[in-house]
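# Residue-level structure breakdown
Here are the chains, one letter per residue:
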Amino acid sequence: MTDYRFKLGMYLPELRLPFDEALAKAKEIGAEYVWFNSLPDEPPIAEMSDAEVDRMGDRVARHGLKIFLLSAGNPFKQIHLTDLSLETMPEHPDFRKDFDDLVRAMQIAAQLGVDAVNAFTFAWPGEYTAGKPTWPMRWMTRGGVIADIDMEKWVKAFSMVAEQAERYGVDVALSMMPWNYTNTTGNFRRLAEQVGSQRIKVMWGPADNMNCGEYDVATAGFQNIRPYLHGLHLKDLHVIDGLHLNFEYRPLGEGDVDYLTVLRNLRDHRCDAVLSVATHFVPPSGSSEEAMRINYANLRALIRKVEAEG
């Protein structure tokens, strides 16, 4: 096991800096790989020309970094699945825009030699319009009950996505967040198995899974996502009252997620996945850079502990 090496990455927008400054800071802090969904105060990624795309890639490479995941905005993040019709989904204007942006991200990834693009997985009913009305049900059922018709729509949407991913030769790594349908590893696996495409991958978010009541995320959760793993979106939190969505973000390793077990599983199964560090918590200084440095230091300490075990 001694030749296994953890790959360190960073979700760049967490630094809240202009693009080149963020790249330089990410390299200084210790990242090898980066992931981002926009360039602050620059054209949206989906609207870039091929020449602008090449310049973006060159800017990353000049800092000695690699893009391991590319996102053109946040496709499907705030579209409520229940607002879509199974028959007319492809013509729905919000769906069409996000789908087209996602396809453009695939074209850009293929141009730059990036392995995967990122997508979200649609919002639960009323999530962004009616105060999260399904949250208590989702907490009590460890992820939520998905109606049969919504499952059909979900599978249809990502079957369309997988078809395009195959066309461009890139994978699609789906994000996990409590507000979308892939809020737990179980829900992600249901989607992946029904779509049945090797192009569907996951950006595993153990903290988001924990926030939805999946307390065995480091063990059973890992087994659910292991065949699909592209990377990890690393942050930490403490659930105070799950039923009432009362939680607080904390520095990595200081919350509820058993990251030592997560790291051991990655090592023992020799997973080729990037540990993409995020923050979300705010240190007393209010500094986004300090939050990132704290999480990087904590992650390195956890890795050292795991590596010392042999």
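Our structure is the block above this text.
Summary of the structure given here. (Residues numbered from 1 in each chain as written. Predicted model: local features only at pLDDT ≥ 70, side-chain atom pairs only at ≥ 80, totals over all residues. Heavy atoms only, no water.)

Looking only at helices and strands, the protein chain features 10 helices and 10 strands. Here the C-alpha atoms of the protein chain give a radius of gyration of 19 Å, agreeing with the 19 Å that 2.2 N^0.38 yields for 310 residues. Residue pairs at least 24 apart in sequence account for 76% of intrachain contacts in the protein chain once pairs closer than 6 positions are excluded. Here the protein chain displays about 12,800 Å² of accessible surface, and carbon together with sulfur accounts for 48% of that area. (Helix = DSSP H or I, 4+ residues; strand = E, 2+ residues; numbered from the N terminus. Rg over C-alpha atoms; globule rule 2.2 N^0.38 Å. Contact = heavy atoms within 4.5 Å. Areas by Shrake-Rupley, 256 points an atom, 1.4 Å probe, with all protein chains shown as cover.)

A few words now on the pairing of strand 7 (residues 229-234). Here is the key point about a regular strand: its side chains alternate between the two faces of the sheet. For strand 7, a buried count of 6 out of 6 residues is recorded, marking the element as mostly surrounded by other parts of the structure. Bridge count between strand 6 (residues 200-204) and strand 7: 3 bridges; the pairing is parallel. Residue pairing across strands places tryptophan 204 opposite leucine 232, the latter belonging to strand 7. Summarising the sheet, strand 7 and strand 10 (residues 274-277) pair through 4 bridges and their orientation is parallel. Directly across from leucine 232, in strand 10, lies its bridge partner leucine 275. (Buried < 20%, exposed > 50% of the residue type's maximum accessible area, 1.4 Å probe, protein only. Pairing = 2+ DSSP bridges.)

A few words now on the nonpolar core. Membership of the largest hydrophobic core comes to 100 residues, with the highest contact counts inside it found for Leu12, Phe36, Phe122, Phe158, Leu266 and Leu275. Discounting chain neighbours no more than four positions away, the residues touching leucine 12 are Phe19, Ala22, Leu23, Ala26, Val34, Trp35 and Phe36. With 9 residues, the next largest nonpolar core counts Tyr33, Trp35, Leu69 and Val274 among its residues. (Core = buried A, V, L, I, M, F, W, Y, C linked by side-chain atoms within 4.5 Å.)

Turning next to the packing of aromatic side chains. A full pass over the atoms with the stated rule returns 17 aromatic pairs. With centroids separated by 5.1 Å and ring planes inclined at 70 degrees, the aromatic side chains of phenylalanine 19 and phenylalanine 36 adopt a geometry described as edge-to-face. Here phenylalanine 36 lies in strand 2 (residues 33-36) and phenylalanine 19 lies in helix 1 (residues 19-29), a separation of 17 residues in the sequence. Residue class for phenylalanine 36 comes out buried when judged on its relative accessible area of 0%. With 5.7 Å between their ring centres and 15 degrees between their planes, phenylalanine 95 and phenylalanine 99 make a pair best called stacked. Placement of the pair is phenylalanine 95 and phenylalanine 99 together in helix 3 (residues 93-112), with a separation of 4 residues, close to one helical turn. (Phe/Tyr/Trp six-rings, centres within 6.5 Å; stacked < 30°, edge-to-face > 60°.)

A word on the pattern of salt bridges. A complete count under the given rule lists 24 salt bridges for this structure. Note that arginine 199 and aspartate 171 form a salt bridge whose closest N and O atoms lie 3.0 Å from each other. Separated by 28 residues along the polypeptide, arginine 199 in the loop between helix 6 (185-195) and strand 6 and aspartate 171 in strand 5 (residues 171-175) bring together distant segments of the chain. For lysine 235, the salt bridge is made with aspartate 208, and the minimal N-O distance between the two is 3.1 Å. Of this pair, lysine 235 sits in the loop between strand 7 and strand 8 (236-241) while aspartate 208 is found in helix 7 (residues 206-210), placing the two residues 27 residues apart along the sequence. Like lysine 235, the residue aspartate 208 is buried in the burial classification. (Salt bridge = Lys/Arg side-chain N within 4 Å of Asp/Glu carboxyl O.)

Purely spatial values, then, with no claim about function.
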